[in-house]
Amino acid sequence: MSGENKDKGFATRAVHEGTKHYDGSVNTPIFQSSTYQLTEETYAGWAAGAQHTLIYSRLSSVNSEAVAQKIASLEMAEDGEVFASGMAAISTTLLALMSQGDHIVASADVYGGTYGLMTEDLPRLGIEVSMADMRDVSSYEAAIQPNTKILYIEILTNPVLKVCDIEAFSVLAKKHNLLLIVDNTFTTPWAINPIKMGADVVIHSTTKYLGGHSDIIGGAIVGNKEIIAKIFPKKVHFGGSADPHNCYLLERGIRTLDVRMKAHTDNAIELARRLEKHENIVSVLHPSLPSHPDYEVAKRIMPKGTGMVAFVVKGGDDAALKFMRKLNLIFEATSLGGVESLIECPFNSSHMFIPEDVRTEAGVVSGFVRLSVGIENVEDLWKDISQALS
Ligand SMILES: *Cc1c(COP(=O)(O)O)cnc(C)c1O
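Residues numbered from 1 in each chain as written. Predicted model: local features only at pLDDT ≥ 70, side-chain atom pairs only at ≥ 80, totals over all residues. Heavy atoms only, no water.

1. So, the pairing of strand 7 (residues 219–223)
- Within strand 7, five of the five residues are buried, leaving the element largely enclosed by the surrounding structure.
- Covered by surrounding structure in strand 7 are Gly219, Ile221 and Gly223 together with Ala220 and Val222, the residues of both alternating faces.
- Strand direction decides the pairing type here: strand 1 (residues 79–83) and strand 7, joined by five bridges, are antiparallel. Bridge pairing links Phe83 to Gly219 in strand 7. (Buried < 20%, exposed > 50% of the residue type's maximum accessible area, 1.4 Å probe, protein only. Helix = DSSP H or I, 4+ residues; strand = E, 2+ residues; numbered from the N terminus. Pairing = 2+ DSSP bridges.)

Printed below as a string of structure tokens:
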């Protein structure tokens, strides 16, 4: 699906790739239509597998085609599909590529919804799951069985921001002839292109940085033509398709991804450095800080950094809650990647059902806070944080 701008820079592709012009429109208009006129051409496309043919909007729409092409281009992938949520993208992909009796290696650090799917639903369908450590590629290798089909990773984990050395995982996947599936939600194609590093499928919750404005739920996958063609019919069967208006908002959001990511990451590293020096902070996790355990890996695979910061407030979870509730500008909410800064404590949100000792073992110690740094003025953000900390 590589379009006419494939040799141009990231920012240019983010603005122009995929956009469909009708009657001279600068933007892709919203095609609020569930179905399309059947012509000789559409009948032929239908017979050939229906992908990228405008027939019925559960299959594809003008808007889903436009934005899927944009995302594929940003990820340096041949093809892509969009979904109604990140979880629709993940569940459809895994159920398309595995059957009863197959095995997948993942990690307890994966996104909570993905963890639930892997521990509750896949086993119920006769698919075996092993959990290993994304920081330790040899733990994945040790978990490989004769029936293993997929290695599943996230480049940057939630909420402790472990960095997963995708280059090492790619070598491992090739060695054992396995598919490497990468959730690139936290890092974005602005920071890293897993396809170029050997991933077979890259998945996004477009709800986060790609949408970028905390106004949609969405998902996307990209990969080569063959693998996307294998997953597409399952999108049609399971029905987790993105509607035209959702696709329109996503396309609009992605157009500014380049400038947004620069602002997110500049703000995040600045806040991380200042937090590290603050007397009421125990520790700060950000992959671009030399103190981060994966600093060297991050420097190699994602040198542009991330907009996510985690830190531990002195005084434990009570102090962390008190701090959060003293904030005026930064909003207490789950999710991430929007233009506005969002903050949460994992212990009473994403990780509330994980026993305290397991949480602590995973690095989510008492006082742990996760901050999705927005694109606001960094001095205003710091003013808000420092008044709440004192
Ligand atoms: C949010 C998220 C998901 C799930 O996406 P939804 O759009 O909420 O369904 C999957 N993976 C990661 C890393 C996420 O942050």
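2. Observations regarding the environment of Ala108
- Note that Ala108 resides in the loop between strand 2 (103–107) and helix 5 (112–124).
- Spatially, the C-alpha atoms of Ala108 and Ala229 are 29 Å apart, while their sequence positions differ by 121 residues.
- Every residue in contact with Ala108, bar those within four places of it in the chain, is listed here: Tyr115, Met131 and Ala132. (Contact = heavy atoms within 4.5 Å.)

3. Considering the site of the ligand
- Residues in close proximity to the ligand total 13 residues, the closest being Met87, Asp183, Ser205, Thr207 and Lys208.
- In this structure, Met87 approaches the ligand through a main-chain N or O atom, which is 2.9 Å from an oxygen atom.
- Contact distances for the ligand include 2.7 Å between a nitrogen atom and a side-chain N or O atom of Asp183.
- About the coverage of the ligand: the protein hides 93% of its 380 Å² of free accessible area.
- If one sorts the elements of the shell around the ligand by residue count, helix 4 (residues 86–97) sits on top with three residues.
- Grouping the constituent residues of the shell around the ligand by class yields five nonpolar, six polar and two charged. (Near = heavy atom within 4 Å. Polar contact = N/O pair within 3.5 Å; in protein donor to acceptor, adjacent residues only side chain to side chain. Areas by Shrake-Rupley, 256 points an atom, 1.4 Å probe, with all protein chains shown as cover. Nonpolar A, V, L, I, M, F, W, Y, C, P; charged D, E, K, R; others polar.)

4. Section: the pattern of salt bridges
- This model, assessed by the stated rule, comprises 15 salt bridges.
- A salt bridge links Arg300 to Glu167, with the nearest nitrogen and oxygen atoms 2.6 Å apart. With Arg300 in helix 12 (residues 295–301) and Glu167 in helix 7 (residues 166–175), this residue pair connects regions lying 133 residues apart in the sequence.
- The partner of Arg370 in a salt bridge is Glu344, and the shortest N-O contact between them spans 3.2 Å. A residue pair is termed long-range when its members are at least 10 positions apart, and Arg370 in strand 12 (residues 368–372) and Glu344 in strand 11 (residues 342–344) qualify at 26 residues.
- Note on Arg370: relative accessible area 4%, which makes it buried.
- Glu344 sits in the buried class, given a relative accessible area of 4%.
- Sharing partners across several salt bridges, the network here consists of Asp109, Asp133 and Lys162. (Salt bridge = Lys/Arg side-chain N within 4 Å of Asp/Glu carboxyl O.)

5. Describing the sheet that holds strand 12
- Strand order in the open sheet made by the five strands is 8-9-12-11-10, with mixed pairing throughout. Only two strands of the sheet have a single neighbouring strand rather than two, namely strand 8 (281–285) and strand 10 (331–332).
- Of the pairings in the sheet, the one linking strand 11 to strand 12 comprises three bridges and is antiparallel in character. The residue bridging Ile343 from the neighbouring strand is Leu371, located in strand 12.
- Helix 13 (residues 316–326) contacts strand 9 (308–313), strand 10, strand 11 and strand 12 of the sheet and is inclined by roughly 125° relative to strand 9. (Axes fitted to C-alpha atoms, helices over the stretch in contact; angles between N-to-C directions.)

6. Describing the domain arrangement of the protein chain
- Each assigned domain of the protein chain is listed here: domain 1 (10–254) and domain 2 (258–389).
- The distance between the C-alpha centroids of domain 1 and domain 2 comes to 27 Å.
- Opposite the 32 residues of domain 1 that make contact, domain 2 presents 39 residues.
- At the boundary of domain 1 with domain 2, total buried surface from both sides reaches about 2800 Å², with 62% on carbon and sulfur atoms.
- Looking at the side of domain 1 facing domain 2, the largest losses of area belong to Pro159, Trp190 and Tyr209, adding up to 29% of the total buried there. (Domains from an automatic or database assignment. Buried area = accessible area lost by both parts, 1.4 Å probe.)

7. Observations concerning the packing of helix 4 against helix 9 (residues 225–238)
- Helix 9 packs onto helix 4 with a crossing angle of 115° between their chain directions and a minimal axis gap of 9 Å. Here helix 4 lies roughly perpendicular to helix 9, going by the angle between them. The handedness of the crossing between helix 4 and helix 9 comes out as right-handed. Across the interface between the two elements, Thr92, Thr93, Leu95, Ala96 and Leu97 of helix 4 pack against Ile227, Lys230, Ile231, Lys234, Lys235 and Phe238 of helix 9.
- Grouping the amino acids of the contact of helix 4 with helix 9 by side-chain chemistry returns six nonpolar, two polar and three charged. (Parallel < 35°, antiparallel > 145°, perpendicular 65-115°, else oblique. Left-handed = near helix turned anticlockwise from the far one by under 90°.)

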